[in-house]
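An overview of the molecular structure
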Amino acid sequence: MKIEYIYNKETDSYEVNKISDIDSKTILIPTYFNDKKITKINSNALSESISLEEILLPDAIECIDECAFYNNINLFTVYIYGSDKNLDKLKIERGNSNFITSFILCFNESNKFSSILDELLLKRNSISIESKEVFNFESIHYLRIMLKYYAYKEKLKVFWMYCFELDISEENNDCSIPKGYDMLILDSYDYNNDRSIIEYLNNIIKAATTNNILVVGLVRDHNKNNVKFDDYKILNDFETYDI
């Protein structure tokens with residue numbers, strides 16, 4: 001993912017001009033760039049980004065320009081984070097219906113979530129996380145947001161793997177992980193209980209552990225997918241937490 005910023009001399013702040021090469025379902029816009037606040041998302045900055053499902057915006061954002069989120073048909077949740085979370089000051093121009101109809105929520109950092117991940121970094125053992133909170137939306141969106149924010153705060157480099165999109169074959173079964181990452185996220189690893197995918201993910205975990213990369217598994221919805229903890233082989237390597 002590449003974020004292009006432009007400087008606005010009048011406001012002495014930066015604006016997000018374009019986000020390209022989006023390879024993530026969850027995007028976090030930082031609060032500052034070059035020690036200046038980011039205050040605006042410009043026109044068509046994220047238009048046609050159909051893979052995007054969640055976005056975190058800092059409370060310094062004051063304007064969403066025309067069609068900034070045009071045709072973001074899968075945008076599900078928008079989180080505003082920071083100390084001054086006030087939606088009244090956010091100006092949203094036309095052409096952003098996908099933004100407006102998503103769940104727009106103020107983000108409050110969870111001490112429990114952070115303490116669990118702090119412990120993970122200390123003990124360096126893999127964990128699985130499932131949200132037991134009651135939301136008006138699928139809990140995977142909440143878990144992604146929490147992890148994205150934590151990684152941003154702790155300056156961790158994360159390798160994100162969407163398990164429900166995996167297509168494993170004899171030609172496509174590389175279990176190696178690029179070097180330089182601090183954490184591996186297995187997103188929705190409960191979603192597919194195909195034997196070949198389970199074996200593949202177990203090999204991914206072993207590869208990550210060998211390279212001292214921490215592993216976090218996110219559970220999408222056990223009840224919905226009829227997958228029980230005891231039935232899923234990959235969970236043998238995990239310590240499980242409920243948020």
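The rules we used
Residues numbered from 1 in each chain as written. Predicted model: local features only at pLDDT ≥ 70, side-chain atom pairs only at ≥ 80, totals over all residues. Heavy atoms only, no water. Axes fitted to C-alpha atoms, helices over the stretch in contact; angles between N-to-C directions. Helix = DSSP H or I, 4+ residues; strand = E, 2+ residues; numbered from the N terminus. Parallel < 35°, antiparallel > 145°, perpendicular 65-115°, else oblique. Left-handed = near helix turned anticlockwise from the far one by under 90°. Contact = heavy atoms within 4.5 Å. Pairing = 2+ DSSP bridges. pLDDT = per-residue confidence, 0-100. Core = buried A, V, L, I, M, F, W, Y, C linked by side-chain atoms within 4.5 Å. Buried < 20%, exposed > 50% of the residue type's maximum accessible area, 1.4 Å probe, protein only. Salt bridge = Lys/Arg side-chain N within 4 Å of Asp/Glu carboxyl O. Phe/Tyr/Trp six-rings, centres within 6.5 Å; stacked < 30°, edge-to-face > 60°. Lys NZ or Arg CZ within 6 Å of the ring centre and 35° of its normal.

Section: the packing of helix H2 (residues 111-123) against helix H3 (residues 139-154)
- Viewed as axis vectors pointing N to C, H2 and H3 meet at an angle of 60 degrees, and their least axial separation amounts to 11 Å. Comparing their axes, H3 and H2 come out oblique. As H2 runs across H3, the sense of the crossing is right-handed. In contact with Phe113, Ser114, Leu117, Asp118 and Leu121 of H2, H3 contributes Leu143, Met146, Leu147, Tyr150, Lys153 and Glu154.

A few points about the sheet that holds strand S10 (residues 103-106)
- Read from one edge of the open sheet, four strands run S3-S6-S8-S10, paired in parallel fashion. Edge positions in the sheet fall to strand S3 (26-28) and S10, since each of these pairs with one other strand and no more. Averaged over neighbouring strand pairs, the angle between their axes works out to 15 degrees when direction is ignored.

Things to note about the confidence of the model for the protein chain
- Averaged over all residues, the pLDDT of the protein chain is 83; the fraction at 70 or higher stands at 88%.
- This model gives residues 225-237 a pLDDT under 50, and the stretch forms 28 contacts once residues within four places in sequence are excluded.

Here's the deal with the nonpolar core
- Membership of the largest hydrophobic core comes to 29 residues, with the highest contact counts inside it found for Leu117, Ile129, Leu147, Val216 and Leu218.
- Secondary-structure elements contributing two or more residues to this core are strand S8 (77-81), H2, strand S11 (127-130), H3, strand S12 (158-162), strand S13 (183-187) and strand S14 (214-218).
- Broken down by element, the residue count for this core peaks at nine residues, all from H3.
- Dropping the residues within four chain positions of it, Leu117 is found in contact with Ile127, Ile129, Leu147, Tyr150 and Val216.
- Formed by 23 residues, the second largest nonpolar core is a distinct cluster that contains Ile27, Ile29, Ile38 and Leu90.

A few points about the side chain of Asp187
- Along the chain, Asp187 falls in strand S13.
- Under the relative-accessibility criterion, Asp187 is labelled buried at 0%.
- Not counting the four nearest positions on each side in its chain, Asp187 is found in contact with Ile140, Arg144, Trp160, Met161, Tyr162, Cys163, Phe164, Leu218 and Arg220.

Remarks on the pattern of salt bridges
- A full pass over the atoms with the stated rule returns nine salt bridges.
- Among the salt bridges present, the one from Glu93 reaches Lys91, with a minimum N-O distance of 3.3 Å.
- Under the relative-accessibility criterion, Glu93 is labelled partly exposed at 25%.
- In this structure, the salt-bridge partner of Asp187 is Arg144, at a minimum N-O distance of 2.7 Å. With Asp187 in strand S13 and Arg144 in helix H3, the pair connects residues that are 43 residues apart, well separated along the chain. Here Asp187 and Arg144 have matching classes, each one buried.

Topic: the pairing of S8
- Here S8 lies mainly inside the structure; five of its five residues are buried.
- Here S8 shows no split at all, with Thr77, Tyr79 and Tyr81 on one side and Val78 and Ile80 on the other all buried.

Describing the packing of aromatic side chains
- One pass over the structure, following the stated rule, counts twelve aromatic pairs.
- Taking 5.3 Å as the distance between ring centres and 55 degrees as the angle between the ring planes, the aromatic pair formed by Tyr7 and Tyr14 counts as tilted.
- On the basis of relative accessibility, which here comes to 41%, the residue Tyr7 falls in the partly exposed class.
- Accessibility expressed as a relative area gives 12% for Tyr14, which makes it buried.
- Ring centres of Phe159 and Tyr181 lie 5.3 Å apart, and the angle between their planes is 75 degrees; on these two criteria the pair is classed as edge-to-face. With Phe159 in strand S12 and Tyr181 in the loop between S12 and S13, the pair connects residues that are 22 residues apart, well separated along the chain.
- Each residue in the set Tyr79, Tyr81, Phe107, Tyr149 and Tyr152 is aromatic and connected to the rest through ring pairs, giving one cluster.
- The cationic tip of Lys25 hangs over the ring face of Tyr162; the distance from NZ or CZ to the ring centre is 5.1 Å.

Topic: the pairing of strand S6 (residues 54-58)
- Judged by how many residues are buried, S6 sits mostly within the fold: five of five residues are covered.
- Here S6 shows no split at all, with Glu54, Leu56 and Pro58 on one side and Ile55 and Leu57 on the other all buried.
- With three bridges joining them, S3 and S6 adopt parallel strand pairing. By the bridge assignment, Thr26 is partnered in S6 with Glu54.
- Taken together, the five bridges between S6 and S8 define a ladder with parallel strand orientation. Bridging across to S8, Leu57 finds its partner in Ile80.

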